[in-house]
Each structure stands twice: as C-alpha cells, then as structure tokens.
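# Structural overview for review
The primary structure of each chain is shown beneath.
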Amino acid sequence: MNDRTKFLLDESRMPKHWYNIMADLPVPPAPVLHPGTMQPVGPDDLAPLFPMELILQEVSTEREIEIPEPVREVFRLWRPSPLFRAHRLEKALGTPAKIYYKYEGVSPAGSHKPNTAVPQAWYNAQAGIRKLTTETGAGQWGSSLAFAGALFGIDVTVYQVRVSYDQKPYRRALMETYGAKCLPSPSDTTNSGRAILAQNPNHPGSLGIAISEAVEIAATHDDTKYSLGSVLNHVLMHQTIIGQEAMLQLEMAGDDPDVIVGCTGGGSNFAGICFPFIGQQLRGGRKRRIVAVEPAACPSLTRGKFAYDFGDTAHLTPLTKMHTLGSTFTPPGFHAGGLRYHGMAPLVSHLKELNLIEATAYHQNACFEAGVLFARAEGIVPAPEANHAVKGAIVEALRCKAEGKAETILFNLCGHGHFDMTAYINYAAGKLTDQTYDEKELAMALAGLPSVPA
Ligand SMILES: *Cc1c(COP(=O)(O)O)cnc(C)c1O
C-alpha cells in the first residue's frame, strides 16, 4: 500500500508527443461529410476555418504527434499537473477502493482547456493568423483561448452564451483581462445571431448558436480563423497529455486503474484521461472499465441518437456522425454550463458504439452533493462539470464497498469551481432543480436531423 498523497512528475518527463487513438482503432470512425454534397470533406473544405497543421492533425492516423517545443515551454507554467490519492475521501466513504484524481485545475484558466488552447493559438500564429473567433458556454474555453491568444499576439473574439454572459461576469472579466473581446450570443453582429434575435429578442442562447456566430465570422473574413474547445479529433488529441502523465504518475504510485471516470460535455477532458489507456488495451494490453458521466438534463451519450448531425444551430458546420440530441435542442439552463452541448465528440461516440466505454448520467443535485463531500474531504472545490466525474467516482467507490473489492479508481478533476460559486450558493439554498430533459422538445429536435444517403 502506498501512503503518499501527491504524485508529481519531473518536468523532464512531461510527454513530448500527443497520442492519436486513430492509429489503434479496430474500425475507423464514419467520415465527416460536406453538408452540401454529402461527400466526405477534404482538407481544403476546412481551410477557411482552421490552419493546415490543425487540419492535418484532424485527419491524421499517426500514433504520435510531436508537441512543439514552444508549446511545451508554455505548458511548463503548470504542467505536469499533479495526481492525488484521495485518502480522505476514501475514509469518508469507508471504501476499500483506492481513489486517484488527476487535477487539471492548476492551469491559468482553472481547467484542462488551455491544453488545447495553447497549441491551437500557436499553430494559428505560425500560419500568420492574427484573429481568432470562438464560442464559450460557461466561460472556461473563452478564458483559455483568451490566455493563449495573449501569449502569441492573437486578437480573440468570444461569443458567450447569453445566460452565462449575464450570470457570470467574472469569467467575462477574466477574458477581458487577457485582452479578448466578449460578445453575448445571440448577437447582432452575424446573420445567424440576427435571425435568432428576430424570433426572440430575449433568447438565452446556446453553444450551438454561439458556434454558428463564431464560424460565420471566420468563414466570411480572410484574416480570421475559428477555434473550437472540444469535440474535434485534434482537440481530443491535445488533451491526451493528461492521461499520459497520469500513467507515469500511477506507475510512481505502484498502481494501475481498474476503472477510469471522466465527465463529458463535448468529450475532450474524458478523452484526455482515457484515450492513452484505451490505446494500450487496443494494442493488446489490459482491459479496464472506462466510464463517461454526463448530466441527466443533456444526455447525448446515454439517450441521444447515433446519427449524422450538424455541430451548430445555423447548420454552417460539416456533418459528423455522433450521439446527438439534435442541433436545435436547447438544453435547460442548469449549472454545469460546460456540459450543455447537443452533441458528443465523434471519436467518443464511436468508442461507445464499439463498447470500449460505458456511459451514465446523473442529476445536478446529486453531483453537487458529491462535489461538496469531495471539497470537505480533499479541500478542492470542483467545477460543476467536474462534479459529474466526482459523482461517478464515488458511485464506483461505493460499489467496491458493497462488493468488498479493493479496486483502483482514477478520475479526472478537470477544473476548480472558483468562478462558479453562484451555483454552489443556489445548491446550498435548495434552488437547483433536477430537470429531466424535455421529451417533446427532444423528439422535435431529433425529427430535424439531416437525412444522409446510406
Ligand atoms: C469545458 C469543460 C468541460 C466540458 O468539456 P469536455 O470537452 O467534455 O471536457 C468539462 N469540465 C470543465 C471544467 C470544462 O471547462
């Protein structure tokens, strides 16, 4: 038994490559389709939105892609991130299980998102791009790209979902401190935003709408590209530094996880912690249980349809095959803003179809209860999104207790909740409602799925 609590990796052991799971998949994922021709998209179709290096990463089947040294240099500001053994949580639960968590809240923006924001900004800067647009829900992605833009001299414009723009002034202040411009979405600066406002001037916005606005600006301005904080293959790959580090740290601890848990919004932090382990398995290594946890109010992976759909509401993006609730689905305004997306990363969806991962969903009150228990035992107040992973890990630990099994559980604590204390205030006041998703609205949104010839 290892009694240590904290496992720190020497900087010299920080991974030098990202891991690309495409190299090890038994079946390739379905191709991305052009919405006009319904033919697979090629690199040139994506060129208005992304620099070529990132497009090549998006379609790459190389197992390892080198992390450029200037990116590693920035990573050293907070990486390697610590791995903790949650001794006090284990004791509080009375479980024989060992619980480890990888903590990504040590980054400047307080979550895993700078792991991809920094390389994305760097590749854009290398390609001579000086302006980037993006969307943000809870504000974590917007602040991460704002930070990365400041490092490499890129002007960042962030379309922030209206509800969170109004409810989270501190995230906006953080983006502006880093030098970014922040607009509430839907806005009157784009055709897609104006169309929504014409129907409903008080529309609360959604990630799908904010993506449409950011994509529209990039597609119609030669000097501007677009940056996405989740879902895409290259974004998931950038996050694999998390799982690779965790592997080395668990080796230091003399342990190996039986179960790996992560929360899923678009799927990037989950992919980050588990893809390197799944890769080992696909190359003949040990099989582990991998559990994705999502909110019951936005259950794309557990209750969505595996089908071709658009990534945005105005249907400007290519079609990808994924678990989706329908691109016009507006999730209820619950507190884990970062998990309010209608779709799931195509790669995560594909792994679910191949039965390489499991998925489960919990209501927000149960997740906050888990987060508060975790904070009182381990000291860190998790982001509302991360509470879903905490909840998933606690469920596994209690199962181990009931079964008398001393399994090893690893989960990704993807961010801290210091900018989300309003959510904790509302939870403590009993004001959070557990919304089951609206069956009727969901059926309507799914009825609108694009028809794709087989
Ligand atoms: C953005 C975000 C998420 C959701 O995005 P994924 O791509 O699913 O990781 C989860 N947790 C935190 C802390 C986030 O900032």
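Residues numbered from 1 in each chain as written. Predicted model: local features only at pLDDT ≥ 70, side-chain atom pairs only at ≥ 80, totals over all residues. Heavy atoms only, no water.

### A short note on the pairing of strand S6 (residues 131-136)
The two faces of a sheet get side chains in turn, since along a regular strand they alternate between them. Judged by how many residues are buried, S6 sits mostly within the fold: 5 of 6 residues are covered. Bridge analysis of S6 against strand S7 (residues 155-161) gives 6 bridges, and the strand direction is parallel. From the neighbouring strand, leucine 132 faces S7, where its bridge partner is valine 156. What joins S6 to S7 is helix H6 (residues 140-152), and the crossover it makes is right-handed. Alignment of S6 against strand S9 (residues 224-226), held across 3 bridges, turns out to be parallel. Across the sheet, the residue bridging to leucine 132 is lysine 225, located in S9. (Buried < 20%, exposed > 50% of the residue type's maximum accessible area, 1.4 Å probe, protein only. Helix = DSSP H or I, 4+ residues; strand = E, 2+ residues; numbered from the N terminus. Pairing = 2+ DSSP bridges. Right-handed = clockwise from strand over helix to strand, strands pointing away.)

### Examining the site of the ligand
Lining the immediate environment of the ligand, one finds 16 residues, of which Lys113, Ser230, Gly265, Ser268 and Asn269 sit closest. Glutamine 140 is positioned with one of its side-chain polar atoms (N or O) 3.1 Å from an oxygen atom of the ligand. At 2.7 Å, a side-chain N or O of serine 268 approaches an oxygen atom of the ligand. Burial of the ligand by the protein amounts to 97% of the accessible area it has alone, namely 390 Å². The residue makeup of the shell around the ligand, split by class, is 3 nonpolar, 11 polar and 2 charged. (Near = heavy atom within 4 Å. Polar contact = N/O pair within 3.5 Å; in protein donor to acceptor, adjacent residues only side chain to side chain. Areas by Shrake-Rupley, 256 points an atom, 1.4 Å probe, with all protein chains shown as cover. Nonpolar A, V, L, I, M, F, W, Y, C, P; charged D, E, K, R; others polar.)

### Some details on the pattern of salt bridges
Throughout the structure, instances matching the rule amount to 23 salt bridges. We note a salt bridge from arginine 76 to glutamate 69, for which the minimum N-O separation is 2.9 Å. Since its relative accessible area comes to 39%, glutamate 69 is described here as partly exposed. Across the pair aspartate 166 and arginine 162 runs a salt bridge, and its minimum N-O distance is 3.2 Å. One end of the pair, aspartate 166, and the other, arginine 162, are both in helix H7 (residues 162-167), 4 residues apart, so they sit about a helical turn from each other. (Salt bridge = Lys/Arg side-chain N within 4 Å of Asp/Glu carboxyl O.)

### Section: the sheet that holds strand S4 (residues 83-85)
Strand pairing in a sheet is mediated by backbone hydrogen bonds. Such pairs are either parallel or antiparallel. In space, the 7 strands of this open sheet follow the order S1-S4-S5-S15-S10-S11-S14, with mixed pairing throughout. A single partner strand is all that each edge strand has here, and the edge strands are strand S1 (6-7) and strand S14 (358-362). Here strand S10 (residues 259-263) pairs with strand S15 (residues 408-413) via 3 bridges, running parallel. Its bridge partner lying in S15, valine 259 is registered against isoleucine 409. Across the sheet, helix H12 (residues 240-253) is in contact with S1, S4, strand S5 (98-103) and S15; its angle to S5 comes to roughly 140°. (Contact = heavy atoms within 4.5 Å. Axes fitted to C-alpha atoms, helices over the stretch in contact; angles between N-to-C directions.)

### Some thoughts on the packing of aromatic side chains
All told, the structure shown has 12 aromatic pairs when counted by the stated rule. Seen in terms of ring centroids, tryptophan 78 and phenylalanine 147 are 6.3 Å apart; in terms of plane orientation they differ by 65°. Their pairing is edge-to-face. Taken together, the residues span a long stretch of sequence, with tryptophan 78 in the loop between helix H3 (69-75) and S4 and phenylalanine 147 in helix H6 at a distance of 69 residues. These aromatic residues form a ring-pair network of at least three members: Phe75, Trp78, Phe147 and Tyr178. Seen from the ring of tyrosine 100, arginine 85 lies directly overhead, with NZ or CZ sitting 5.7 Å from the centre. Directly above the ring of tyrosine 362 sits lysine 391, whose terminal nitrogen or CZ lies 5.4 Å from the centroid. (Phe/Tyr/Trp six-rings, centres within 6.5 Å; stacked < 30°, edge-to-face > 60°. Lys NZ or Arg CZ within 6 Å of the ring centre and 35° of its normal.)

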